[in-house]
Structures are given as C-alpha cells and as structure tokens.
Amino acid sequence: MAFTLRSVKVPPNSVTLEEARSRTFDFFRKACRSLPSVMEIYNLHDVATISHLRSSISSQIRKNAHITNPKVIDMLLFKGLEELNNIAEHAKQRHHIIGQYVLGSEGLVQDHDQDRKDPGASKFLKNFYTSNYF
C-alpha cells in the first residue's frame, strides 16, 4: 500500500468550487480505503476502530468546510495527501497517530480548573499552572 500512494502526482489547480469539492470527496475515499492498511501498519486495533478513524478524517475535512477559494482547497488537499503518504510510508510513529487521530485535541487538553483541585492556591500559582510551562 505504501508504494501505491507514492505515485500520486499533484493535479493542476481546480478551476471551480465544484471541481475542488469533487477532489475533496476523492481524497476522502482514498483516505478511507487506506485505513485497513494503516490499522495493520501501526497496530491500532486495540485503541481504535476503522469507523473511529474515518470519523476523525471527516471531522478534519469538515473543519475547513467554510473555505470557498478553490486554490486554498487545493493547497489543503495537497497537505492532506502528504500526510496520508507519510502515514502510509510509516514515516510517523504509533504514538503520533494515536495522539493526532485517535485521541484528537480533546484527549490532550489539560484540566485548567485548578480551583477545584487546590482552593487555597494563590493567584500567582493559579496563573502559573494554567500557563504553557506546566
């Protein structure tokens, strides 16, 4: 599977929004078809299902649904194809895949509700705990 995605060429820019939309659907299909091999390569059967990864891909695509410029959509599709190639060629490690696509951003967010944990902490310590240094 890794060598089949290597032959992907960069297509010319989309002229219309409809053409960019169809390329987005093609990319989604290609990414979903590569999920079984990604599950095998990274041994993800114990932490995720194919449907969970498929919904993660669709949420990444839907995050940019407000974009209407075909050139920007083509650039995002190119970045997505590069990411898919890196994953298929095993350029990432297992914990990268789990952190980005299985847990997502909600699994890596720290609990910033320090008042519940330590009500006697000073304002300085509360600000310190919520900063990027912790």
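Residues numbered from 1 in each chain as written. Predicted model: local features only at pLDDT ≥ 70, side-chain atom pairs only at ≥ 80, totals over all residues. Heavy atoms only, no water.

Asks: How do you make sense of the overall build of the protein chain when you look at a structure like this?
Replies: When helices and strands are tallied, the protein chain shows seven helices and zero strands. From first element to last, N terminus to C terminus, the protein chain shows the α and β order α-α-α-α-α-α-α. Across the protein chain, the fraction of contacts at a sequence separation of at least 24, relative to all contacts at a separation of at least 6, is 64%. When the accessible area of the protein chain is evaluated, it comes to approximately 9,400 Å², of which 57% is carbon and sulfur surface. (Helix = DSSP H or I, 4+ residues; strand = E, 2+ residues; numbered from the N terminus. Contact = heavy atoms within 4.5 Å. Areas by Shrake-Rupley, 256 points an atom, 1.4 Å probe, with all protein chains shown as cover.)

Asks: Help me understand the packing of helix α2 (residues 17–42) against helix α4 (residues 70–88) in this model?
Replies: For any two helices packed against each other, one specifies the inter-axial angle together with the distance between the axes. Put simply, α2 and α4 touch, their axes get as near as 10 Å, and they point 10° apart. In terms of axis orientation, α2 runs roughly parallel to α4. Classified by chirality, the crossing of α4 by α2 is left-handed. Residues Leu17, Ala20, Arg23, Thr24, Phe27, Lys30, Ala31, Ser34, Val38, Ile41 and Tyr42 of α2 lie in contact with α4, whose contacting residues are Pro70, Ile73, Asp74, Leu77, Gly80, Leu81, Leu84, Asn86, Ile87 and Ala88. Here the residues of the contact of α2 with α4 are counted per class, giving 14 nonpolar, four polar and three charged. (Axes fitted to C-alpha atoms, helices over the stretch in contact; angles between N-to-C directions. Parallel < 35°, antiparallel > 145°, perpendicular 65-115°, else oblique. Left-handed = near helix turned anticlockwise from the far one by under 90°. Nonpolar A, V, L, I, M, F, W, Y, C, P; charged D, E, K, R; others polar.)

Asks: What am I meant to see in the nonpolar core here?
Replies: Soluble globular proteins tend to bury their nonpolar side chains together. By size, the foremost hydrophobic cluster in this structure holds 21 residues, and its most contacted members are Tyr42, Leu44, Leu53, Ile87 and Ile97. Secondary-structure elements contributing two or more residues to this core are α2, α3 (50–62), α4 and α5 (94–107). Per-element accounting of this core gives the leading share, seven residues, to α2. Each residue touching Tyr42, except ones within four places of it in the same chain, is listed here: Asn86, Ile87, His90, Ala91, Lys92, Gln93, Arg94 and Ile97. (Core = buried A, V, L, I, M, F, W, Y, C linked by side-chain atoms within 4.5 Å. Buried < 20%, exposed > 50% of the residue type's maximum accessible area, 1.4 Å probe, protein only.)

Asks: Looking at this structure, I do not really get the packing of α2 against α3. What am I missing?
Replies: Their axes nearest at 10 Å, the elements α2 and α3 cross at an angle of 150°. Classified by the angle between their axes, α2 and α3 sit roughly antiparallel to one another. Considering how the two elements wind past one another, α2 and α3 form a crossing that is right-handed. Across the interface between the two elements, Thr24, Phe27, Phe28, Ala31, Cys32, Leu35, Pro36 and Met39 of α2 pack against Ile50, Leu53, Arg54, Ile57, Ser58 and Ile61 of α3. Grouping the amino acids of the contact of α2 with α3 by side-chain chemistry returns 11 nonpolar, two polar and one charged.

Asks: Sorry if this is basic, but what is going on with the pattern of salt bridges here?
Replies: Pairs can form between side chains of opposite charge whenever their charged atoms are close. Overall, the coordinates contain six salt bridges when judged by the stated rule. Linking Arg94 and Asp46 is a salt bridge whose minimum nitrogen-to-oxygen distance equals 2.8 Å. Here Arg94 is found in helix α5, whereas its partner Asp46 is found in the loop between α2 and α3, with 48 residues between them in sequence. Given a relative accessible area of 31%, Arg94 falls into the partly exposed group. Close ionic contact of Glu83 with Lys92 constitutes a salt bridge, the shortest N to O distance being 2.7 Å. Overall, Glu83 belongs to the partly exposed group, its relative accessible area being 22%. (Salt bridge = Lys/Arg side-chain N within 4 Å of Asp/Glu carboxyl O.)

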